[in-house]
Amino acid sequence: MTRHIACLSFDFDAWSGLTARGLTTPTPVSRGEFCAVAVPRILKLLERHAIPSTFFIPGIVIETYPELTRQIHDAGHEVGNHGWTHFPPSTLDPADEERDLLRSSDLIETITGRRPTGYRSASFDLSPVTAQLLEKHGFLYESSMMGHDHSPYYIRIGDKVDPKERLVFGRESDLVELPVSWNLDDFPHFEFLRTPQQLMPGLQWAGGVLENWVDDFRYMHQTEQWGALIFTFHPYVIGRGHRMIMLEKLINALEGMGAIWQTMEATALEFKGRSRR
Ligand SMILES: [Zn+2]
């Protein structure tokens, strides 16, 4: 059966991604706080189009905005684990990473009544042990890797990576990867970011980004019987006026091509069902 799925995922990071980069003064904090304005706008748009979506929220942001987190859950959306802080797992030691992972799942469970089954790492940057930890703690899926553009796959554990040697593949796990990419993420296209280490210009014309995103869905539609395209948005990025208008244009265009809207969890389960493992 032909099914072309689109997952709209929202990383509700608020200021946590900025403060983790050392931007702790009032303006960057307020920039992240704009999330509290944007999330209700996004929930209204999703409700208007009856789209179930997935929100990944760091623990420290859930602690700051428990009411908004509850509203997201009450509106029927999935809440996934996005770590405790927004420091990428690749920068944490394994014991801290495991503690943060569990602490975050515990907090989500107290708010939604359900442990999250999905995980996305801060800055799409897993540590060498993240997949093992997710497997150990019974997660269904992960969404930070880029090994395909619109087909989920099973994550390998234990790859041997040495820049001077051939890659030695590890074993295939039961953990589903719902792959992402920077080109399907609003952040690098739209955010102007200056830190002591980098300058990211962002601020692109939304119409051009929209055309790219529609064509990525069109390509999946043309080349696959079944596929799932994963979009990553950040409320304080996509929630600005002209980008909200663009997001609705994207929804309308994908609906015109028969998009099936699903949560990430539903999509991972469907992939597992199709691959009969
Ligand atoms: Zn994030």
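Residues numbered from 1 in each chain as written. Predicted model: local features only at pLDDT ≥ 70, side-chain atom pairs only at ≥ 80, totals over all residues. Heavy atoms only, no water.

A.B. asks: Explanation requested: the overall build of the protein chain in the structure shown.
C.D. replies: Within the protein chain, the secondary structure is distributed over 12 helices and 11 strands. In summary, the protein chain has a C-alpha radius of gyration of 18 Å against a globular reference of 19 Å for 277 residues, a match within 12%. Considered along the principal axes of its C-alpha atoms, the protein chain spans approximately 50 × 45 × 45 Å. Expressed as a percentage of the 277 residues in the protein chain, the buried residues total 53%. Total accessible area on the protein chain stands at roughly 12700 Å², and carbon and sulfur atoms take up 54% of it. Each charge class in the protein chain was averaged separately, 27 positive and 36 negative side chains, and the resulting centres sit 1 Å apart. (Helix = DSSP H or I, 4+ residues; strand = E, 2+ residues; numbered from the N terminus. Rg over C-alpha atoms; globule rule 2.2 N^0.38 Å. Buried < 20%, exposed > 50% of the residue type's maximum accessible area, 1.4 Å probe, protein only. Areas by Shrake-Rupley, 256 points an atom, 1.4 Å probe, with all protein chains shown as cover. Lys, Arg positive; Asp, Glu negative; His and termini not counted. Charge placed at Lys NZ, Arg CZ, Asp CG, Glu CD.)

A.B. asks: Which parts of the structure should I look at to understand unusual backbone geometry?
C.D. replies: In this structure, Ser-123 is a non-glycine residue whose phi angle is positive, near 60°. Summarising the element assignment, Ser-123 is placed in the loop between β4 (118-119) and α7 (130-136). Given the relative accessible area of 28%, Ser-123 is considered partly exposed. Positive phi outside glycine occurs at Leu-203, with the angle close to 55°.

A.B. asks: Before we go on, may I ask you to explain the pattern of salt bridges in this structure?
C.D. replies: Oppositely charged side chains are able to pair whenever their charged atoms sit close together. What the rule picks out here adds up to 15 salt bridges. Note that Arg-70 and Glu-67 form a salt bridge whose closest N and O atoms lie 2.6 Å from each other. Of the two residues, Arg-70 and Glu-67 both sit in helix α5 (residues 66-74), three residues apart, roughly one turn of that helix. Residue Glu-67 is classed as partly exposed on the basis of its relative accessible area, which comes to 47%. Here Arg-243 and Glu-191 are joined by a salt bridge, their closest N and O atoms 3.5 Å apart. Of this pair, Arg-243 sits in helix α11 (residues 241-256) while Glu-191 sits in the loop between α8 (186-190) and β8 (193-194), and the two are 52 residues apart along the sequence. Residue classification places Arg-243 among the buried residues on the basis of a relative accessible area of 6%. On the basis of relative accessible area, Glu-191 is assigned to the buried category, the value being 7%. Overlapping salt bridges bring together Arg-31, Glu-191 and Arg-243 as one network. (Salt bridge = Lys/Arg side-chain N within 4 Å of Asp/Glu carboxyl O.)

A.B. asks: Quick question: what am I supposed to make of a nonpolar patch on the surface here?
C.D. replies: Together, Val-161, Leu-167 and Phe-169 give the surface a local cluster of nonpolar side chains, amounting to about 320 Å² of exposed area. According to the relative accessible area criterion, Phe-169 is exposed, its value standing at 54%. (Patch = residues over 30% accessible without salt bridge, like charges linked within 9 Å, V, L, I, M, F, W, Y side chains within 5 Å.)

A.B. asks: I tried to follow the environment of Met-146 on my own but got confused; where do I start?
C.D. replies: Mapped onto the secondary structure, Met-146 falls in the loop between β5 (141-142) and β6 (153-157). Linking Met-146 and Thr-110, residues 36 residues apart in sequence, is a C-alpha distance of 32 Å. Excluding residues that lie within four positions of it along the chain, Met-146 makes contacts with Phe-124, Tyr-153, Val-180, Ser-181 and Trp-182. (Contact = heavy atoms within 4.5 Å.)

A.B. asks: What is the right way to read the coordination of the zinc ion from this model?
C.D. replies: When four donors bind a metal tetrahedrally, each ideal donor-metal-donor angle is 109.5 degrees, and when six bind octahedrally, the ideal angles are 90 or 180 degrees. Looking at the zinc ion, the protein donor atoms are Asp-13 (OD), Asp-13 (OD), His-82 (NE2) and His-86 (NE2), and they sit 2.1 to 2.4 Å from it. Note that the zinc ion binds four donor atoms; their angles at the metal cover 55 to 137°, and the shape is irregular. Written as a sequence motif, the donor residues of the zinc ion are D-x68-H-x3-H. Side by side, His-82 and His-86 carry an identical accessibility label, which is buried. (Donors = N, O, S within 2.8 Å, 3.2 Å for Na, K, Ca; no water. Tetrahedral: all angles 85-135°; square planar, octahedral: opposite > 155°, others 65-115°.)

A.B. asks: Please clarify how the packing of aromatic side chains should be interpreted in this entry.
C.D. replies: The tally for this structure, following the rule as stated, stands at 11 aromatic pairs. Ring centres of Trp-213 and Phe-231 lie 5.8 Å apart, and the angle between their planes is 70°; this geometry places the pair in the edge-to-face category. With Trp-213 in helix α9 (residues 206-223) and Phe-231 in strand β10 (residues 226-233), this pair connects stretches of sequence that are 18 residues apart. On the basis of relative accessible area, Trp-213 is assigned to the buried category, the value being 0%. For Phe-231, a relative accessible area of 0% translates into the label buried. Of the aromatic side chains, those joined through ring pairs into one cluster are Phe-10, Phe-55, Trp-213, Phe-231 and Phe-233. The ring of Phe-34 carries Arg-240 above its face, with NZ or CZ at 3.9 Å from the centroid. (Phe/Tyr/Trp six-rings, centres within 6.5 Å; stacked < 30°, edge-to-face > 60°. Lys NZ or Arg CZ within 6 Å of the ring centre and 35° of its normal.)

A.B. asks: How should I be thinking about the packing of helix α3 (residues 35-48) against α5 in this particular structure?
C.D. replies: Each pair of packed helices gets described by two things: the angle between the helix axes and the distance between those axes. With their axes 11 Å apart at the nearest point, α3 and α5 run at an angle of 10° to one another. When the interaxial angle is binned, α3 and α5 end up roughly parallel. Two secondary-structure elements touch here, α3 through Ala-36, Val-39, Pro-40 and Leu-43 and α5 through Leu-68, Gln-71 and Ile-72. Of the residues assigned to the contact of α3 with α5, the class counts are six nonpolar, one polar and no charged. (Axes fitted to C-alpha atoms, helices over the stretch in contact; angles between N-to-C directions. Parallel < 35°, antiparallel > 145°, perpendicular 65-115°, else oblique. Nonpolar A, V, L, I, M, F, W, Y, C, P; charged D, E, K, R; others polar.)

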